[in-house]
Amino acid sequence: MSFAFGIGIGSQNKQGEWLEVFYQQPVMTPDSTLMEVIRNAMDYHGGNLAISAAAEQLSQLANALRQVGETGQAVLAEKAANSKRPVVVTILETDDTASSTPEVYLKLHLISHRMAKPHGLKLEGIFGLLPNLAWTNEGAIDLNELPERQLQARLEGRTLEVKSVDKFPQMTDYVVPKGIRIADTARVRLGAYVGEGTTVMHEGFINFNAGTEGTSMIEGRISAGVMVGKGSDLGGGCSTMGTLSGGGNIIIAVGENCLIGANAGIGIPLGDRCKVEAGLYITAGTKVALLDDNNELVEVIKARDLANQPDLLFRRNSQTGAVECKTNKSAIELNEELHANN
Ligand SMILES: CC(C)(COP(=O)(O)OP(=O)(O)OC[C@H]1O[C@@H](n2cnc3c(N)ncnc32)[C@H](O)[C@@H]1OP(=O)(O)O)[C@@H](O)C(=O)NCCC(=O)NCCS
C-alpha cells in the first residue's frame, strides 16, 4: 500500500529548481489499481519520487486513469498536459523524511486537505527543502530573480506586489477546506489543519502542522505543533507556546471547550473545559496556588503538574499577584488525584 500521490502544477526558478507546487487533488493511500496505472504510465518502480512530467506522458497517464475509472485524476492529468507551468507527479511510497520540495508540498497539502492530522506526518527537515520566496500577485518568485521581475513589471506598466517573503505560502492559495472563515488569509500557512466550523479572525494565526479539530473562534496564535480541541476559543492576541524555538519541548495542546482569554498564553497542554484569565501567561514552571471549590488552598504546585487536567480555571489574583488555579473539585478529591502517581 503506497502512502500518497499527487499531480502538481508548480513553479521553478531559472535553474529549473522547484519553488512550490499546487496539488489540486492529492490522494492519501492510493489503491492498488491507481498505483498500477502510475507504475506503467510514469515508468515508476517504487520509492518516494517527484517526477517532472512532459505533456505526452501526462496524456498517456490521463488515458490510463480514465480506463480504470479514475475520472477526477484523469481530467486533472489532461489539463496538466496543457499546462504553461511545469508539472510534477509525486509518489510517496512511505511517509519517510522528504527529500525534495514537491514531496514537502504534497505533505503540507495532505494536512490542509484534512487527510492527515498535525503530528501525523514525518516533517523533519522540511525547512531545508522549502526555499524562501517572494509570494507575489504573479506567483512565487526566487528572491534572486525578484529585482529583475520588479523592473520588468514596472516597464510594462504593472506593479509587482510582494505579499510576503517566507518559506510557506498562505494556505488559501492552495486549498480552502469546507466550512471555515478566515478574515485575513495571510495568517494561515499551508500545512495548517483548519477544522470544519473554525473562524480565524484578523488577529488569529495558524502555523503549519497545527490547527483546530472543529468549531473554534481563533483570535490568537496557534503555534506549530499545537492542536486545539472542538469548541475551544482563543481570545484576541493570546498565545500558545511553540516548540520550534526557545527550548520548550512540551507539545502544547488545548482540550475541548476551553477558553484562553485575550492576551493570555499557555506553555502547558490544557485538558477539557479549562479557562485562562485574560492577560495571564502560564508557563510550565509557573508556581500555582491550587484552590478547591471553597477557594481553600490545597497546595502550591508547578503548572506542568496540571497539564491535561480538565475543568481548571487559571487566574492571577488581582490583589496578591499570585497565580491561582480554581477547580470544581473538593480538596480531598484533588489531593488524591494529584498524588495518585507519587
Ligand atoms: C478569569 C475569568 C474567566 C473569570 O470569569 P468568571 O468565572 O465569570 O468570574 P467572575 O468575573 O464572575 O468573578 C467571580 C469572582 O471572582 C473574582 N475575581 C475574578 N477574577 C479575579 C482575579 N483575577 N483576582 C481576584 N478575584 C477575581 C470576582 O471579583 C468575583 O468575585 P465575587 O464572587 O466576590 O463577586 C474572566 O475574568 C476572564 O478572564 N475571561 C476571559 C474572557 C476573554 O478574554 N475572552 C476573549 C475575548 S477576545
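Residues numbered from 1 in each chain as written. Predicted model: local features only at pLDDT ≥ 70, side-chain atom pairs only at ≥ 80, totals over all residues. Heavy atoms only, no water.

## Examining the overall build of the chain
A count of helical and extended segments in the chain gives 6 helices and 27 strands. When the backbone C-alpha atoms are referred to their principal axes, the chain occupies close to 75 × 50 × 35 Å. When each of the 342 residues of the chain is scored for burial, the buried share is 47%. For the chain, the computed accessible surface area is about 15,900 Å², with 47% contributed by carbon and sulfur atoms. Put simply, the chain has 30 plus and 40 minus side-chain charges, and the middle of one group is 4 Å from the middle of the other. (Helix = DSSP H or I, 4+ residues; strand = E, 2+ residues; numbered from the N terminus. Buried < 20%, exposed > 50% of the residue type's maximum accessible area, 1.4 Å probe, protein only. Areas by Shrake-Rupley, 256 points an atom, 1.4 Å probe, with all protein chains shown as cover. Lys, Arg positive; Asp, Glu negative; His and termini not counted. Charge placed at Lys NZ, Arg CZ, Asp CG, Glu CD.)

## Digging into the sheet that holds strand β26 (residues 312–316)
In space, the 10 strands of this open sheet follow the order β9-β11-β14-β17-β20-β22-β26-β27-β24-β25, with mixed pairing throughout. Each edge of the sheet is formed by a strand with only one pairing partner; in this case those strands are β9 (181–182) and β25 (297–302). As paired strands, strand β22 (residues 275–276) and β26 are joined by 2 bridges and run parallel to one another. Directly across from Lys-275, in β26, lies its bridge partner Leu-313. Of the strands in this sheet, β24 (287–291), β25 and β27 (323–327) touch helix α6 (residues 331–338), which is tilted by about 30 degrees from β25. (Pairing = 2+ DSSP bridges. Contact = heavy atoms within 4.5 Å. Axes fitted to C-alpha atoms, helices over the stretch in contact; angles between N-to-C directions.)

## Observations concerning the environment of Asp-142
Mapped onto the fold, Asp-142 is located in strand β7 (residues 139–142). We classify Asp-142 as buried; its relative accessible area is 11%. Separated by 113 residues in sequence, Asp-142 and Thr-29 have C-alpha atoms that sit 33 Å apart. Contact partners of Asp-142, with chain neighbours within four places excluded, come to Asn-13, Leu-19 and Leu-133.

## Brief notes about the site of the ligand
In the vicinity of the ligand, 13 residues are found, and the nearest of them are Ala-262, Glu-277, Ala-278, Arg-316 and Ser-318. Between an oxygen atom of the ligand and a main-chain N or O atom of Ala-278, the distance comes to 2.9 Å. Within the contact set of the ligand, a nitrogen atom lies 2.7 Å away from a backbone nitrogen or oxygen of Arg-316. Contact with the protein chains hides 46% of the accessible area of the ligand, taken as 970 Å² for the molecule alone. No other element matches the 3 residues that β26 contributes to the shell around the ligand. Counted by class, the shell around the ligand contains 4 nonpolar, 5 polar and 4 charged residues. (Near = heavy atom within 4 Å. Polar contact = N/O pair within 3.5 Å; in protein donor to acceptor, adjacent residues only side chain to side chain. Nonpolar A, V, L, I, M, F, W, Y, C, P; charged D, E, K, R; others polar.)

## Some thoughts on the side chain of Thr-212
Of note, Thr-212 is situated in strand β13 (residues 210–212). Within the structure, Thr-212 has its side chain in polar contact with the backbone nitrogen of Gly-195 (distance 2.9 Å). Once you skip the residues sitting within four places of it in the chain, Thr-212 turns out to touch Tyr-193, Val-194, Gly-195, Thr-198, Ile-218, Ile-222, Met-227 and Val-228.

## A short note on the sheet that holds β7
Pairing between the strands of a sheet comes from backbone hydrogen bonds, and it takes one of two forms, parallel or antiparallel. Strand order in this open sheet of 3 strands is β7-β6-β8, and the pairing throughout is antiparallel. Each edge of the open sheet carries a strand with a single partner, namely β7 and β8 (162–166). Strand-to-strand twist in this sheet, taken as the mean axis angle between neighbours without regard to direction, amounts to 25 degrees. As judged from the 4 bridges shared by strand β6 (residues 133–136) and β8, these two strands associate in the antiparallel manner. By the bridge assignment for β8, Thr-136 is matched with Val-162. Helix α5 (residues 146–155) contacts β6, β7 and β8 of the sheet and is inclined by roughly 125 degrees relative to β7.

## A word on helix α1 (residues 32–42)
When α1 is considered as a whole, its buried residues turn out to be Leu-34, Met-35, Val-37, Ile-38, Ala-41 and Met-42. The buried side chains of α1 occupy one side of the element, clustering within an arc of 160 degrees when seen end-on. Away from its buried face by more than 90 degrees, α1 exposes Ser-32 and Asn-40. Trailing α1 by a residue or two, Asp-43 shows a phi angle of about 55 degrees, which is positive. (Arc of directions from axis to C-beta.)

## What to know about the pattern of salt bridges
Pairing of side chains with opposite charge becomes possible as their charged atoms draw close. Under the defined criterion, the tally for this structure stands at 12 salt bridges. Linking Glu-156 and Arg-158 is a salt bridge whose minimum nitrogen-to-oxygen distance equals 2.3 Å. The class for Glu-156 is partly exposed, based on a relative accessible area of 47%. Given the relative accessible area of 32%, Arg-158 is considered partly exposed. Through salt bridges with shared partners, a single network forms among Glu-138, Arg-149, Glu-156 and Arg-158. (Salt bridge = Lys/Arg side-chain N within 4 Å of Asp/Glu carboxyl O.)

## Remarks on the packing of α1 against helix α2 (residues 55–67)
It is at 9 Å that the axes of α1 and α2 come closest, and there the two elements cross at 150 degrees. As the angle between them shows, α1 and α2 are arranged roughly antiparallel. The way α1 lies across α2 gives a crossing that is right-handed. Taking contact as the criterion, the partners of Leu-34, Val-37, Ala-41 and Met-42 in α1 are, on α2, Gln-57, Leu-61, Ala-64 and Leu-65. (Parallel < 35°, antiparallel > 145°, perpendicular 65-115°, else oblique. Left-handed = near helix turned anticlockwise from the far one by under 90°.)

## A few points about the pairing of β27
Within β27, 4 of the 5 residues are buried, leaving the element largely enclosed by the surrounding structure. Sheet analysis places β24 next to β27, joined by 3 bridges and oriented parallel. Following the sheet pairing, Ala-289 is matched in β27 by Glu-324. The sheet contact formed by β26 and β27 spans 5 bridges and is antiparallel. In the sheet register, Arg-315 faces β27, and the bridge partner there is Glu-324. Linking two consecutive strands that pair antiparallel, namely β26 and β27, is a turn of 6 residues; a positive phi of about 85 degrees is found at Gly-321 within it.

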